[in-house]
Each structure stands twice: as structure tokens, then as C-alpha cells.
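Structural overview
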Amino acid sequence: QVRLVESGGGLVQPGESLRLSCAASGSTFRTYRMGWYRQAPGKQRELVATITHSLSTAYADSVKGRFTISRDNDNAMNTIYLQMNSLKPEDTAIYYCKLDDYRAVTTWGQGTHVTVSA
């Protein structure tokens, strides 16, 4: 069983930066891919960025060039990060960490709030 804990959310002004972290514990050795998703009020949850065990990354068009997903430098997929720069009010959402393993089992974190407002 895997547990995910997100941290790093908060209130920032437009143009500022935040760094989110997601720590995975438990049976992480089966991890294939981890990623960040977000859900704004009244909207569906959407993909933000993903990273695979082989370090392949993917981003939503809306965050390309502003957000960067990364992981710890060891070979284990235990902690991933989302560096968010040039934040905009439309980035306001609850950000969730997601883990997919090689058995196609998915685990979600509890989410962390990001608010971008002047």
C-alpha cells in the first residue's frame, strides 16, 4: 500500500513562485509514474504534469514554460516536486499528487491548496 502526502501550498501574489512536494511512502517499488493534477472550484480535475520512472515528463499546455516537475536524485520514486513560477490567478486550485504503479493501481494524495491573488 502507498501513501502520498503533499505540502508546499499557500497564498501568493501573481508572478510569484511556489514549490510543491509529494512524499510517497509504503510499497513504492512498483511505481511507474507520478504526477500533479489540480482542481479549481467548479471545474473538473485536470492534469498538470507527470514524470515517469525513466524521467520522461509531460505538461499541460497551460503550464509549459512556467512549471517544472522533478524528483529526488535517487533511483526511487519517493518524492516529487512541482516548481511553479510566474503564477497566475487561474492557477488557483487544489493540487493533488497521483501515483500509478506497474499493476495499474492508482493512489491519490489528500491535496494542497494553492491560491494566487493580489
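Predicted model, so just to flag it, every value in this text is computed and none were measured.

Let's talk about the overall build of the protein
Of regular secondary structure, the protein possesses zero helices and 11 strands. From first element to last, N terminus to C terminus, the protein shows the α and β order β-β-β-β-β-β-β-β-β-β-β. Its C-alpha radius of gyration of 14 Å places the protein within 12% of the 13 Å reference for a compact globule of 118 residues. In terms of principal-axis extent, the alpha carbons of the protein reach across some 40 × 25 × 20 Å. A buried classification covers 42% of the 118 residues belonging to the protein.

Overview of the nonpolar core
Counting residues in hydrophobic clusters, the biggest one holds 28 residues, and the most contacted among them are Met34, Trp36, Leu82, Met84 and Tyr95. Contributions of two or more residues to this core are made by strand S1 (2-7), strand S3 (18-26), strand S4 (31-39), strand S5 (46-52), strand S7 (67-71), strand S8 (79-84), strand S9 (93-101) and strand S11 (112-116). Excluding its chain neighbours within four sequence positions, the residues that come into contact with Tyr95 are Glu6, Leu20, Trp36, Tyr37, Arg38, Val48, Phe67, Leu82, Met84, Gly111, Thr112 and Val114.

As for the pairing of S8
Note on strand geometry: in a regular strand, side chains alternate between the two faces of the sheet. Of all six residues that make up S8, five are buried, and the element is covered over most of its length. Here S7 runs beside S8; their pairing, made up of five bridges, is antiparallel. What sits directly across from Arg71, in S8, is Ile80.

What to know about the pattern of salt bridges
Evaluation of the coordinates by the stated rule reveals seven salt bridges. Its salt-bridge partner being Arg33, residue Asp100 comes within 3.2 Å of it at the nearest N-O pair. With Asp100 in strand S9 and Arg33 in strand S4, the pair connects residues that are 67 residues apart, well separated along the chain. Taking the shortest distance from any N to any O, the salt bridge between Asp91 and Arg66 comes out at 2.8 Å. Linking Asp91 in the loop between S8 and S9 with Arg66 in the loop between strand S6 (57-59) and S7, this pair joins segments that are 25 residues apart in sequence. Classification of Arg66 as buried rests on a relative accessible area of 10%. One network of salt bridges, with partners in common, ties together Arg38, Glu46, Arg66 and Asp91.

Remarks on unusual backbone geometry
For Ser86, which is not a glycine, the phi torsion comes out positive at approximately 50 degrees. If you trace the backbone, Ser86 turns up in the loop between S8 and S9. By relative accessible area, Ser86 is classed as partly exposed at 40%.

A few points about the state of the cysteines
Each disulfide is one covalent bond, formed between the sulfur atoms of two cysteines. Throughout the structure, instances matching the rule amount to one disulfide. A sulfur-sulfur separation of 2.1 Å characterises the disulfide bridge that pairs Cys22 with Cys97. On the S-S bond that ties Cys22 to Cys97, the torsion sits near -85 degrees, and the link is left-handed. Residue Cys22 is found in strand S3, and its partner Cys97 is found in strand S9; the two are separated by 75 residues along the sequence.

Calculation rules
- Residues numbered from 1 in each chain as written.
- Predicted model: local features only at pLDDT ≥ 70, side-chain atom pairs only at ≥ 80, totals over all residues.
- Heavy atoms only, no water.
- Helix = DSSP H or I, 4+ residues; strand = E, 2+ residues; numbered from the N terminus.
- Rg over C-alpha atoms; globule rule 2.2 N^0.38 Å.
- Buried < 20%, exposed > 50% of the residue type's maximum accessible area, 1.4 Å probe, protein only.
- Core = buried A, V, L, I, M, F, W, Y, C linked by side-chain atoms within 4.5 Å.
- Contact = heavy atoms within 4.5 Å.
- Pairing = 2+ DSSP bridges.
- Salt bridge = Lys/Arg side-chain N within 4 Å of Asp/Glu carboxyl O.
- Disulfide = S-S within 2.5 Å.

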